[in-house]
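# Structure at a glance
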Amino acid sequence: MVLRGFCCFALMFAAAFPALADMPLAVTAARVASNDARGRLVFDFDRKPDATVHYIGHPDRVVIDLPATDFTLPQTALQPVGLFRDIRYGAIDASHARIVLNMSRPAKVMATDVAENGEGGGYRLTIDAEMTDQKTFDKLVAAGGWNAAAYNSGRQARLAQDPPPSTGKFVIAVDPGHGGIDTGAISLDTHVPEKRITLAFGKAFAAALNKQPGIEAFLTRDTDRYLSLPERVTIARQKGANLFISLHADMLDQPSIRGATVYTLSDKASDHLAAEAADRENKSDEIGGVTVSHEPEAVNDILQDLTRRETQAFSISLANAIVSSFKGQVNLINNPHRSAGFRVLQSDDVPSVLIELGFLSNRQDEKLLLDPAWRAKVVSLLVEAVKAYRAPLVAGKG
């Protein structure tokens, strides 16, 4: 009877509480210490973590892959210092998390130690790094036991499924910028990450589009997860998107600059502000620990070239429709339609724009970007821009 009672209790307990093994690990605290030659990072976990170290070059990075992990840390918990030029951490997908260390000089991990925390409970992951020469670091990249190209192509292969049958609707990919390990910019006063703002805008925008007759919208990401730039483009193409709209909120060293900007793709940046914006957004893959070629694909087919030119013309038309819709309603920067080499806009056959909704470095813009009423207003104007863009296309088919 005692054994039967214990078994019943165990079954009830298991039903009431999910197995710890199925729950993400949790990081409750972290600290960093470093000079120009050596550095140490310490992460406190609730349970024992399995950590794997890889190296990526150009720029030099150390990547620590982990199982699914919740980093319950303030954004300011790990400030870059010494060897560590930048420290990023967060989710990669539902099953994996990652710490990415951008190094100020070539360095290698001398030891990764996992030990019990003693009376405080949980486990402590300690990562010790030390400077090395470029030749040694390059050897670590080459012989690190991790094929970055295969990893990236594998992520693409998981997306390379046959597209769903056409619904006959006008399909729009809404792309909330950043996510997971890639927080994007951090707002000046409230310290809200850009990834949270873009996801809120993206969800509201997709929902509003789906209320329009003949339009079907989907999100490239609907949770706080990381997507590489090529993955975002592939998702849009695989789902048969007729438009791709990427949402962002920028950050500048000049807090006086404010207002929305609409970007399209071009080989040569329209101005230095556009060039700098593209450089910042293109770093998403670097932040996520993904290796992507910086060289544009060669156009060897005249039909492919014509397709690209037509797509670019449609992208410009969409950008103009958005600027027209915003004028007098939403503050715009000077020359609000700009262009540069944004990798997320490099689709041959899907007209694409990237919208910087405002600047998180400007207090007025920051307040608006966090205001649900302002978000609803911008969403409504974006829907009207999409309808204006689509109208002549529908008329042409008629």
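This is a predicted model, so every value here is computed, not measured.

All right, on to the layout of surface pockets then. One way to see where empty space is left: roll a probe the size of a water molecule over the atoms. Here the second largest pocket is characterised by a volume of approximately 990 Å³. Lining the second largest pocket are 35 residues, and of these Asp86, Arg88, Gly184, Ala185 and Ile186 lie nearest its centre. Among the secondary structure elements, those contributing two or more residues to the lining of the second largest pocket are β6 (84-91), β12 (243-250), α6 (272-282) and α7 (284-287). Counting residues per element, the lining of the second largest pocket draws most heavily on β6, at 5 residues.

This brings us to the pattern of salt bridges. Under the counting rule described, the total for this entry stands at 15 salt bridges. Two residues, aspartate 189 and arginine 363, come together in a salt bridge whose shortest N-O distance is 2.8 Å. You can see aspartate 189 sitting in the loop between β10 (170-176) and α4 (194-209) and its partner arginine 363 sitting in helix α9 (residues 363-369), a full 174 residues away along the chain. A residue is classified by how much of its surface remains accessible, and aspartate 189, at 42% relative accessible area, is partly exposed. Note that lysine 387 and glutamate 384 form a salt bridge whose closest N and O atoms lie 3.3 Å from each other. Placement of both lysine 387 and glutamate 384 in helix α10 (residues 372-397) is noted, with a separation of 3 residues, approximately one turn of the helix. For lysine 387, a relative accessible area of 34% translates into the label partly exposed.

Further remarks concern the sheet that holds strand β13 (residues 260-265). Read across the sheet, 6 strands follow the order β11-β10-β12-β15-β13-β14 without closing on themselves; strand pairing throughout is mixed. In this open sheet, the two strands that pair with only one neighbour each are β11 (215-219) and β14 (332-340). Pairwise comparison of adjacent strand axes, ignoring direction, gives a mean angle of 20° for this sheet. Pairing geometry for β10 and β12, over 5 bridges, is parallel. Residue pairing for β12: proline 176 is matched across the bridge by leucine 247. Each of β10, β11 and β12 is contacted by helix α5 (residues 229-238), which is oriented at about 160° to β10, the strand it contacts most. Set on the sheet, α6 makes contact with β12, β13, β14 and β15 (352-359); between it and β14 the angle comes to about 65°.

Attention now goes to the nonpolar core. In terms of nonpolar packing, the biggest core is built from 42 residues, with Ile172 and Phe205 touching the most fellow members. Looking at this core, the elements with two or more residues in it are β10, α4, β11, β12, β13, α8 (302-326), β15 and α10. Sort the elements by how many residues they give to this core and α10 lands first, with 9 residues. Apart from residues no more than four positions distant in its own chain, isoleucine 172 is found in contact with Leu209, Ile215, Glu216, Ala217, Phe218, Leu243, Ile245 and Val386. Within the second largest apolar cluster, 27 residues are counted, among which are Leu25, Val62, Tyr89 and Ala97.

Okay, the side chain of aspartate 44 next. Relative to the elements of secondary structure, aspartate 44 occurs in strand β2 (residues 38-45). When sequence neighbours within four positions are dropped, the list of residues in contact with aspartate 44 reads Ala26, Val27, Thr28, Ala29, Arg31, Asn117, Tyr123 and Arg124.

Here 5 strands make up an open sheet; going across it, the order is β5-β1-β2-β9-β8 and the pairing mixed. Two strands lie at the open edges of the sheet, namely β5 (69-71) and β8 (107-116), each paired on one side alone. On average, each strand axis in the sheet is inclined to that of its neighbour by 25°, with strand direction left out of account.

About the criteria used
Residues numbered from 1 in each chain as written. Predicted model: local features only at pLDDT ≥ 70, side-chain atom pairs only at ≥ 80, totals over all residues. Heavy atoms only, no water. 1 Å grid on protein atoms, 1.4 Å probe; cavity = no way out; pocket = protein on both sides within 12 Å on 5 of 7 lines; lining within 4 Å. Points joined across faces, edges and corners; volume = space filled by probe spheres on them. Helix = DSSP H or I, 4+ residues; strand = E, 2+ residues; numbered from the N terminus. Salt bridge = Lys/Arg side-chain N within 4 Å of Asp/Glu carboxyl O. Buried < 20%, exposed > 50% of the residue type's maximum accessible area, 1.4 Å probe, protein only. Pairing = 2+ DSSP bridges. Axes fitted to C-alpha atoms, helices over the stretch in contact; angles between N-to-C directions. Contact = heavy atoms within 4.5 Å. Core = buried A, V, L, I, M, F, W, Y, C linked by side-chain atoms within 4.5 Å.

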